[in-house]
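The residues making up each chain are set out below.
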Number of protein chains: 2
Amino acid sequence: MVNDEMKDGVTRLFHGRAVAVVGASTSPGKLGHDILANIINGGYEGAVYPVNPRAGEVLGLPAYPSVSDCPSTLDLAVVVVPAPFVPGVLREAAAKGAGAAIVISGGFREAGREDLEAEILAVRRETGLRLIGPNCQGINYRPNKLCASWPLVTAAGSMAVISQSGTVAATLAGWAVDEGLGISATVSLGNQVDVCETDLIEYFAGDKDTKVIALYLEGAKNGRQFLEAARRAVSGTPIVALKSGRTKAGQRAAASHTSSLAGSDQVFDAACRQVGIVRVADIEALYDSAKALQSLELDGGERVMMITSSGGCGILATDEAESCKLRVPPLPPEAIEDLGEAGLLPTAILSNPLDLTVAPAEHFEAAVTVAERHKLADTYLLIFGDPIPGATEVVQKLKARMGARFAVAYLGGGDVEKEERLLMHAAGIPVFPTPQRAIRAIRDAAWAARFRARATNTSV
Amino acid sequence: MVNDEMKDGVTRLFHGRAVAVVGASTSPGKLGHDILANIINGGYEGAVYPVNPRAGEVLGLPAYPSVSDCPSTLDLAVVVVPAPFVPGVLREAAAKGAGAAIVISGGFREAGREDLEAEILAVRRETGLRLIGPNCQGINYRPNKLCASWPLVTAAGSMAVISQSGTVAATLAGWAVDEGLGISATVSLGNQVDVCETDLIEYFAGDKDTKVIALYLEGAKNGRQFLEAARRAVSGTPIVALKSGRTKAGQRAAASHTSSLAGSDQVFDAACRQVGIVRVADIEALYDSAKALQSLELDGGERVMMITSSGGCGILATDEAESCKLRVPPLPPEAIEDLGEAGLLPTAILSNPLDLTVAPAEHFEAAVTVAERHKLADTYLLIFGDPIPGATEVVQKLKARMGARFAVAYLGGGDVEKEERLLMHAAGIPVFPTPQRAIRAIRDAAWAARFRARATNTSV
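Draft legend 1. Structural context of the sheet that holds strand 16 (residues 354-355) of chain B. Residue and element names in this part refer to chain B. Taken in spatial order, the five strands line up as 16-15-17-18-19 in an open sheet, and their pairing is parallel. Strands with a single pairing partner mark the edges of an open sheet, and in this sheet they are strand 16 and strand 19 (431-432). In terms of strand pairing, strand 15 (residues 304-308) meets strand 17 (residues 379-384) through five bridges, oriented parallel. Residue pairing for strand 17: M305 is matched across the bridge by Y380.

Okay, here's the thing in structure tokens:
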């Protein structure tokens, strides 16, 4: 089952074609059941071998009493047995040809069993088997249709989530599914006895299905390596990072959770800025900025033009843009004159923000066309603050003509908004639930673009 | 149609039993059509008279050529005709007995027609007719089942939204509907030629169906009156305020939108703190804090205990709590001992945050029970970071026993989460989409409780 491309363990982790689920269970609600169900229902097309010494079959598949009994060589083992059994299972998996294992089971370092964790690390060294976990929520990798994790997420997108918290990964994936964006991957890191954020950044930087990496960290396993990998990655694949342990109390909590040594938050912050990682402060910002970075293609300019059907939302966006140190350039008289002849409503307020008042989608197009002629902005925030059908069609047309420089805030639009959001995401246009969240995501995307441009110039 | 209780115009605005829709239209998509449709479909049980000189009937109701032709006296007129016709319509409505009118039409001060605005103000003075608007999105008041606005929202709840932006009001109402909370009212202020935020705060402070007021402002019409009304209101009905124009650019935009004179933002901020208004910085915080304030009954104490099935989310909550200057007290040895005997998982981390690891709902109950015995906290944040069925039942039981001191963050839980969120909101338990948003809402609710307690003590 192993070809040349898959000789590396991390690659086999993601692209494996033969998977054993060790600790497969017939009881719904148990992880050994639910993970197997998610692998099957997630569309995985490789061979799946449930391993369970007491069941003839699990979820309709023949079960095998041990890893050694599986009917072919393995690429990957997903391990859900109690911690004391894990080292033996890993040795068997390696003997059976596996290049990688996902250890879901807890009960290691985080439970005071450093000895067991040392033992599986020894197996890794003896056999070359690459390990994710232990004490983790698994991986979901859509290009291989392998959901060895929970909850079941099948919608394929461009965002790879790497997370020291299974819940943070599941949350981002859930939002991405609800909003029609999907994910390329979620990886829950757990205790990182072997594979760590650095390996994964390297992997996803080279993954053609991934356009952005969203990272939740409590502490980097090896800070220097992590930063070097990130620096190399961001020239092609932007990274957004949420790191907890910002405060003393948070650092104490992080130390108990994954025994992470958090280090100084200011140092981490400065390091992110230096290597080009976008650092954010909360889970929603992690999602928003990753969304912006996977869709927008900016040149780093800081001028934003805001075009809105809601005056109030235009003001809120303006406040936020000024707080974010983006530029909201006023309109020159020639542009105001042209806007006056663009067929907008007589109630429209011709400024930046440009308040179209209760207008149809076409007025947004007319306004952007004038703005384009006068080169007024680097990025456009279009705020649809009413049920405005046909919004997607208009933004799609503008994007085709002017490039991916359009972020959308769509709010107050009821069912029309929900439909348009899905359509826009299908068209690669990022939609945000409030003007403020849109502006903060634009700021981050513009910063990343500026960083990339500077880095490219420097290396020339 | 007028009884004693309704002699006051503002009361008749909300409780009117005979409404004329002036400018009713047979064309879907026109405001005169959609608002009439929303009044009908919103369940309004009073008399509705479409006024349209060119239609025999509109939406199945007999239409009348003019306001004077309506078959009974009026309480309320909803006006959607072009601005120049509005003064005449208002005079007719007053002559027909109306106590109030909602002027949806734009084309007044905001369009340079100060003269027309002065004229309707003159009508208000001559006739006593109370006016909402002009240039507004109407009102929706669920106790009277009257949705003279858009979009159509029928879910009845306890949050009254007063807003200088129709979109901000529609956005909050939309979220409240999606989350199963509902609203008591939305009022779009428009140009506030007559009825302003002060009148409405006074009204909703006395409204038994309203538990919290969410306010979006660009500038107060009369700062002193507004603050006095707010001061009186907050002893019974908390107020959360989002005011735009925080920055210079935002203030310029606000001046164009509703000709609001914003004044100094720091002065407004200090005034809010002084009279007990919770001021927030974005639309989501307006919603979150209003949600917390309508559900939580806190005594103002600053100690938060966080109980979580997700270690990562516990840390993020801890960081946020420390940033918000809430207290996250460590657990005393006796409490740790009791928790050790409470039947939690061996993987649980017995600290604050208390990380139950992948635990069933009952473990949250066991943990809170120990915390209660040791009087560890004033407010509890329960973080369900997995699909945890039965969560509502457990929190409901705790709330019945210990009072409304429980905020919930539910995330990463897929469909189970969506169901449980609706159930919790039906039970009056506030649910937030991230631990950070929950903590910020708790901070605001605790501050408001502290303010109320101090104000009560001072007045004794």
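Don't stop here, the text continues.
Draft legend 2. Summary view of the relation of the copies chain A and chain B. Once chain A has been moved 0.0 Å along the axis and rotated by 180°, it coincides with chain B to within an RMSD of 0.1 Å. The superposition operator between the copies reduces to a two-fold rotation axis. Measuring from the rotation axis to each C-alpha of chain A, the shortest distance belongs to E284 of chain A, at 5.7 Å. Most of the interface of chain A is mirrored in chain B, where 98% of its interface residues are also at the interface.

Draft legend 3. Geometry of the interface of chain A and chain B. Chain A puts 53 residues into the contact, and the matching count from chain B is 52 residues. When chain A packs against chain B, the two sides together hide about 4100 Å² of surface, and 59% of this comes from carbon and sulfur. It is T167, I315 and D319 of chain A in chain A that bury the most area against chain B; as a group they hold 14% of the surface buried on that side. Our enumeration of links across chain A and chain B arrives at eight salt bridges. Between R440 of chain A and D282 of chain B there is a salt bridge, and its shortest N-O distance comes to 3.6 Å. Those elements that place two or more of their residues in the side of chain A that touches chain B are helix 5 (166-178), helix 8 (248-258), helix 10 (283-295), helix 11 (311-323) and helix 16 (435-459) of chain A.

Draft legend 4. Representation of helix 9 (residues 265-275) of chain B. All names here are of chain B. Along helix 9, the residues classified as buried are D265, F268, A271, C272 and V275. The buried residues of helix 9 occupy one face: seen down the axis, they fall within an arc of 125°. Those residues of helix 9 that are exposed and aimed more than 90 degrees away from the buried face are Q266, V267 and Q274. One side-chain oxygen of the residue at the start of helix 9 lies 3.2 Å from the amide nitrogen of Q266, identifying that residue as S264. Once helix 9 ends, the next one or two residues include G276, with phi positive near 95°.

Draft legend 5. Inspection of the pairing of strand 5 (residues 76-79) of chain B at higher detail. All names here are of chain B. The alternating pattern of strand 5 places L76 and V78 and A77 and V79 on opposite faces, both of which are buried. In this sheet, strand 5 lies alongside strand 1 (residues 18-22) in parallel orientation, the contact comprising four bridges. Directly across from V22, in strand 5, lies its bridge partner V79. For strand 5 and strand 6 (residues 100-103), the ladder comprises four bridges, and the chain directions are parallel. Along strand 6, the bridge assignment pairs A77 with A101.

Draft legend 6. How the structure looks around the nonpolar core. In this structure, L172 and L381 of chain A together with L172 and L381 of chain B are the most contacted members of the largest nonpolar core, which totals 104 residues. Apart from the residues within four sequence positions on either side, L381 of chain A is in contact with V304, M305, M306, I307, A317, A407, V408, A409, P435, A438, I439 and I442 of chain A.

Draft legend 7. Looking closely at the confidence of the model for chain A. Residue and element names in this part refer to chain A. Per-residue pLDDT for chain A averages 94, and the proportion of residues at 70 or more is 97%. This stretch, residues 1-6, has a pLDDT under 50; its non-local contacts, to residues over four places away or in other chains, come to 16 contacts. Model confidence for the complex: the whole-complex pTM is 0.95, and ipTM, which rates the interface, is 0.94.

Draft legend 8. Region of the structure containing the environment of P71 of chain B. Residues and elements named next belong to chain B. Within the secondary structure, P71 is located in the loop between strand 4 (61-62) and strand 5. For the pair P71 and D207, spaced 136 residues apart in sequence, the C-alpha to C-alpha distance is 31 Å. Sequence-distant contacts of P71, defined by excluding residues within four places in its chain, comprise Y49 and Y64.

Draft legend 9. Fine view of the side chain of E179 of chain B. All names here are of chain B. With respect to the helices and strands, the residue E179 is situated in the loop between helix 5 (166-178) and strand 11 (183-188). A polar contact is formed between the side chain of E179 and the side chain of Y287, at a distance of 2.8 Å. With sequence-adjacent residues up to four places away left out, E179 is seen in contact with Y287, K291, R421, L422, H425 and V431.

Draft legend 10. Inspection of empty space enclosed by the protein at higher detail. All names here are of chain B. Following the criterion strictly, the structure yields seven cavities of 30 Å³ or more and no others. Considered as a void within the structure, the largest cavity measures approximately 90 Å³ in volume. If you trace the largest cavity, you find 14 residues lining it, with S149, W150, P151, A170 and T186 closest to the centre. Elements with a minimum of two residues in the lining of the largest cavity: strand 8 (138-141), helix 5 and strand 11. Tallying contributions element by element places helix 5 first for the lining of the largest cavity, with four residues. Partitioning the lining of the largest cavity into residue classes produces seven nonpolar, seven polar and no charged.

Draft legend 11. A look at the sheet that holds strand 2 (residues 47-51) of chain A. Residues and elements named next belong to chain A. On the basis of which strands lie adjacent, the open sheet formed by five strands has the order 2-1-5-6-7 and parallel pairing. Single-partner strands in this sheet number two, and they are strand 2 and strand 7 (130-132). Neighbour-to-neighbour, the strand axes of the sheet open up by a mean angle of 20°, direction not taken into account.

Draft legend 12. Representation of the packing of helix 7 (residues 223-233) of chain B against helix 9 of chain B within the structure. All names here are of chain B. Interhelical geometry of helix 7 versus helix 9 gives an angle of 30° and a closest axis separation of 9 Å. By the criterion of interaxial angle, the relationship of helix 7 to helix 9 is roughly parallel. Considering only the axes of helix 7 and helix 9, their crossing is right-handed. Every residue of helix 9 that contacts helix 7 at F226, L227, A230 and R231 is listed here: F268, A271, Q274 and V275. For the contact of helix 7 with helix 9, the residue count by class is six nonpolar, one polar and one charged.

Draft legend 13. Seen up close, unusual backbone geometry. Residues G133 of chain A and P134 of chain A are joined by a peptide bond in cis, for which omega reads 0°. In the Ramachandran plot, Q192 of chain B falls in the positive-phi region, its phi being about 55° despite a non-glycine side chain. Looking at the element boundaries, Q192 of chain B is found in the loop between strand 11 and helix 6 (197-205). Take Q192 of chain B: its relative accessible area is 5%, and that puts it in the buried class. Notably, K375 of chain B is not glycine yet its phi reads approximately 50°, a positive angle. By the element assignment, K375 of chain B lies in the loop between helix 13 (361-373) and strand 17.

Draft legend 14. Spatial organisation of the pattern of salt bridges. Summed over the entire model, instances satisfying the criterion amount to 63 salt bridges over all chains. Measuring nitrogen to oxygen at the nearest pair gives 3.5 Å for the salt bridge that ties E228 of chain B to R231 of chain B. Residue E228 of chain B and its partner R231 of chain B are both found in helix 7; the two are separated by three residues, about one turn of the helix. Its relative accessible area of 35% is what places E228 of chain B among the partly exposed residues. Residue R421 of chain B is joined to E417 of chain B by a salt bridge in which the shortest nitrogen-to-oxygen separation is 3.6 Å. Remark: E417 of chain B and R421 of chain B occur in helix 15 (residues 414-426); sequence separation between them is four residues, near one turn of the helix. Accessibility expressed as a relative area gives 17% for R421 of chain B, which makes it buried. A residue is classified by how much of its surface remains accessible, and E417 of chain B, at 11% relative accessible area, is buried. One network of salt bridges, in which partners are shared, links E284, D288 and R437 of chain A together with E284, D288 and R437 of chain B.

What counts and what doesn't
- Residues numbered from 1 in each chain as written.
- Chains lettered and ligands numbered in written order.
- Predicted model: local features only at pLDDT ≥ 70, side-chain atom pairs only at ≥ 80, totals over all residues.
- Heavy atoms only, no water.
- Pairing = 2+ DSSP bridges.
- Helix = DSSP H or I, 4+ residues; strand = E, 2+ residues; numbered from the N terminus.
- Least-squares fit on C-alpha atoms with pLDDT ≥ 70 in both.
- Contact = heavy atoms within 4.5 Å.
- Buried area = accessible area lost by both parts, 1.4 Å probe.
- Salt bridge = Lys/Arg side-chain N within 4 Å of Asp/Glu carboxyl O.
- Buried < 20%, exposed > 50% of the residue type's maximum accessible area, 1.4 Å probe, protein only.
- Arc of directions from axis to C-beta.
- Polar contact = N/O pair within 3.5 Å; in protein donor to acceptor, adjacent residues only side chain to side chain.
- Core = buried A, V, L, I, M, F, W, Y, C linked by side-chain atoms within 4.5 Å.
- pLDDT = per-residue confidence, 0-100.
- 1 Å grid on protein atoms, 1.4 Å probe; cavity = no way out; pocket = protein on both sides within 12 Å on 5 of 7 lines; lining within 4 Å.
- Points joined across faces, edges and corners; volume = space filled by probe spheres on them.
- Nonpolar A, V, L, I, M, F, W, Y, C, P; charged D, E, K, R; others polar.
- Axes fitted to C-alpha atoms, helices over the stretch in contact; angles between N-to-C directions.
- Parallel < 35°, antiparallel > 145°, perpendicular 65-115°, else oblique.
- Left-handed = near helix turned anticlockwise from the far one by under 90°.

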